[in-house]
Amino acid sequence: MNFSSWAIRNKLILFFLLMGLIPLIGYAWFSNNKIADELTNVNRERLISLRELKKIQIEEYFEQIKNQIQTFSESITVIDAMGKFGGAFNFVEDQLGQNFTDDKKSKLMARYTYQEENTPGASKDAVSRWFPENKTTQILQSLYISENPNPIGEKHKLDTNSEFSTYNQIHEQYHPTIRKYLEKNGYYDIFLVDAETGYIVYSVFKEVDYATNLKTGPYSNSGIGRAFKGVMNASEPDAFILDDFAPYEPSYNAPAAFIASPIMDVGEIVGVLIFQAPIDKIDGVMTSQKEWKKVGLGESGEVYLVGPDYKLRNNSRFLIESPDEYFQLLKDLGTDSKIIQNQKDLKTSIGISEVRSPGAIESLSGKSGFQIFPDYRNIPVLSAYAPVNILGLNWGILAEIDEDEAFQTLYKIQTNTIFIVVVLIGVLTFIAIIIGRGFATPIISLTQELGRFAEGDIKGLQGLKVNTEDEFRMLEKSFNTLVSSFKEFMGSSNRILDGTLPNLDESLVKGEFLEGLEGMLKEADLRKIAEREAFKVYAIVESSRANILFADLDYNITYINPSSKKTLKRIEEYLPAKVDDIL
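Residues numbered from 1 in each chain as written. Predicted model: local features only at pLDDT ≥ 70, side-chain atom pairs only at ≥ 80, totals over all residues. Heavy atoms only, no water.

Would you explain the sheet that holds strand S1 (residues 189-194) in this entry?
Within a beta sheet, neighbouring strands are joined by backbone hydrogen bonds and run either parallel or antiparallel to one another. Strands sit in the order S2-S1-S5-S4-S3 across an open sheet of five strands; the sheet is antiparallel. Only two strands of the sheet have a single partner each, and these edge strands are strand S2 (200-203) and strand S3 (241-248). Between one strand axis and the next, the sheet turns by 25° as a mean value, whatever way the strands run. Here S1 pairs with S2 via three bridges, running antiparallel. (Pairing = 2+ DSSP bridges. Helix = DSSP H or I, 4+ residues; strand = E, 2+ residues; numbered from the N terminus. Axes fitted to C-alpha atoms, helices over the stretch in contact; angles between N-to-C directions.)

What's the story with the pattern of salt bridges in this structure? I'm lost.
For side chains bearing opposite charge, pairing can occur when the charged atoms are close. Tallied over the full model, the rule gives 15 salt bridges. Here Arg356 makes a salt bridge to Glu354, at a shortest N to O gap of 3.1 Å. On the accessibility criterion, Glu354 (41% relative accessible area) is partly exposed. As a salt-bridge pair, Asp375 and Arg377 come within 2.8 Å of each other at their nearest N and O atoms. Like Asp375, the residue Arg377 is buried in the burial classification. Here the residues in one salt-bridge network are Asp244, Asp309 and Arg313, joined through shared partners. (Salt bridge = Lys/Arg side-chain N within 4 Å of Asp/Glu carboxyl O. Buried < 20%, exposed > 50% of the residue type's maximum accessible area, 1.4 Å probe, protein only.)

Where do I start with helix H8 (residues 223-233) in this structure?
Along an α-helix, residues three or four positions apart point the same way, because every turn accommodates 3.6 residues. Within H8, burial applies to Gly223, Ile224, Gly225, Ala227, Phe228 and Val231. Tucked inside the fold, the buried residues of H8 contact S1, S2, S3, strand S4 (254-265) and strand S5 (268-276). (Contact = heavy atoms within 4.5 Å.)

Sorry if this is basic, but what is going on with the packing of aromatic side chains here?
Aromatic rings considered in pairs are described by the distance between their centres and by the relative angle of their planes. One pass over the structure, following the stated rule, counts 21 aromatic pairs. By the ring-pair criterion, three or more aromatic residues cluster together here, those being Phe85, Tyr144, Tyr167, Tyr174, Tyr202 and Tyr210. Looking at Lys66, its charged tip hangs above the ring of Phe240, at a distance of 5.8 Å from the centre. If you follow Lys206 out to its NZ or CZ, it ends over the ring of Tyr210, 5.3 Å from the centre. (Phe/Tyr/Trp six-rings, centres within 6.5 Å; stacked < 30°, edge-to-face > 60°. Lys NZ or Arg CZ within 6 Å of the ring centre and 35° of its normal.)

Teacher, can you tell me more about the sheet that holds strand S8 (residues 380-390) here?
Reading across the sheet, the four strands line up as S6-S9-S8-S7 and stay open at both edges, with antiparallel pairing between neighbours. In the strand order of this sheet, the two ends are held by strand S6 (302-306) and strand S7 (369-374), each with one partner. Averaged over all adjacent pairs, the angle separating strand axes in this sheet is 30°, with direction ignored. Direction of pairing for S6 relative to strand S9 (residues 393-402): antiparallel, over a ladder of five bridges.

Could you clarify how one ought to interpret unusual backbone geometry in this entry?
Keep in mind that most residues, glycine aside, have a negative phi and that most peptide bonds are trans. Residues other than glycine seldom take positive phi values, yet Tyr252 does so here, at roughly 65°. Secondary-structure assignment places Tyr252 in the loop between S3 and S4. A residue is classified by how much of its surface remains accessible, and Tyr252, at 16% relative accessible area, is buried. Unlike most non-glycine residues, Asn253 shows phi in positive territory, near 65°. When you line up the elements, Asn253 lands in the loop between S3 and S4. The class for Asn253 is buried, based on a relative accessible area of 12%.

Structure (structure tokens):
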């Protein structure tokens, strides 16, 4: 429909709606963008602050580990323990070999079978590959693992056994002290490794790496083996080696990182002290002891570390809080079922779950920043990322929160704004209709009245009726006065023509209407005079004895007086027509 053909009422309604909605929508758009910018800035500052805080905390924590292992490796207790365990290790077979029966060997083999069955991803030849060939290793593992009455996971509670040996005496002397140190500082395990032979002559936790050789044994190429070799290849007496998280078979392929430092005695390296990194402690730092909400991360925020292999270095919040949903999400994303099962079995995402988001890639390339992108769950997040140096290891740190949660306030405002806009549209429409009618009704009435006027329906003119006290009331008065004046003019004109209006004293018309009536009245008076004079002439002609006839230019007789009629009657028989038919 052409806009020009719209009724004025509809045009007015549209006009008022646009006048109300354009500023409202403009304000809503401006406010929405302003709030979005402010929320982005607030979340940016919060995430950057958390990122930097956790970066400092984790760097300080690993620096603390470095200081602890260096200090502990220099302590008299460790130096003495290293020398005594190293010496006693060499006499184990001589002192205890005769007591190591086939039955004990079978029990040890059964322990390895259990290890293979409960290690995700273990190869079919794992038992034969792991089982120690060295007799000393077999004896010590039998005494402190398979013959240890404490259940798996609590083998470290055994201080001494029933077998008499130098090693057992030394173990009873030093184990409680070193175990207490481990428990106090939260380490997973602590190892003493003989520098010359490469044997683990002591460990607190007593897993199947205990008493094995880190030069030639089954774990020589694992993280603990690399840490040992790194220290042995270092020339500094205070050397420090950190081997990054990787699956570790003695810990059932759970991710493990190792920290190593030399044990020096009289300027000579006699052994290597190795800590197995405390995953729970690292998790505690990165997850704020699982108190994400208290540090401002809401329902979906988290801070996590990513290693150079793009795998997590602390547990995902979502694995901790809602594992079923987390695993279902991974499945929906098409993640390899083996990776999902591995996380389920080990109850961890460390070293398993891969993160290749833009933030992870940027942080591992040494860049800091803030972006919005899909995270490892393929959910859009606000992310503040940065590189972090962990004692020579280049990791990335990311502080993130779901975009939906970050902008939850904005979405609520948008919902409320839409509701308000809808309500205001209704209100503005109602007001526009009322105002439109107020404007249009008098105009429509005027149009109708003028239509009657144009068609000559003077009697049908009703005049305008306006209920306002504005310009339309003035229009009403002017138009109604016009109608009244015109009706009065018409009435006076008829009375003048009828001769019933001798003067204009009774007339209500004014201005040019009055002047017109005055002219008409003068013409009426002149016409009356003319009619009287004509009547006089007519009477003279009618009473005249002379024969008088009138004819038009076509010689048609239009009038004969009575005298002419009598004369013509006398000669009627000679005329072509009767006298009465002549006129």
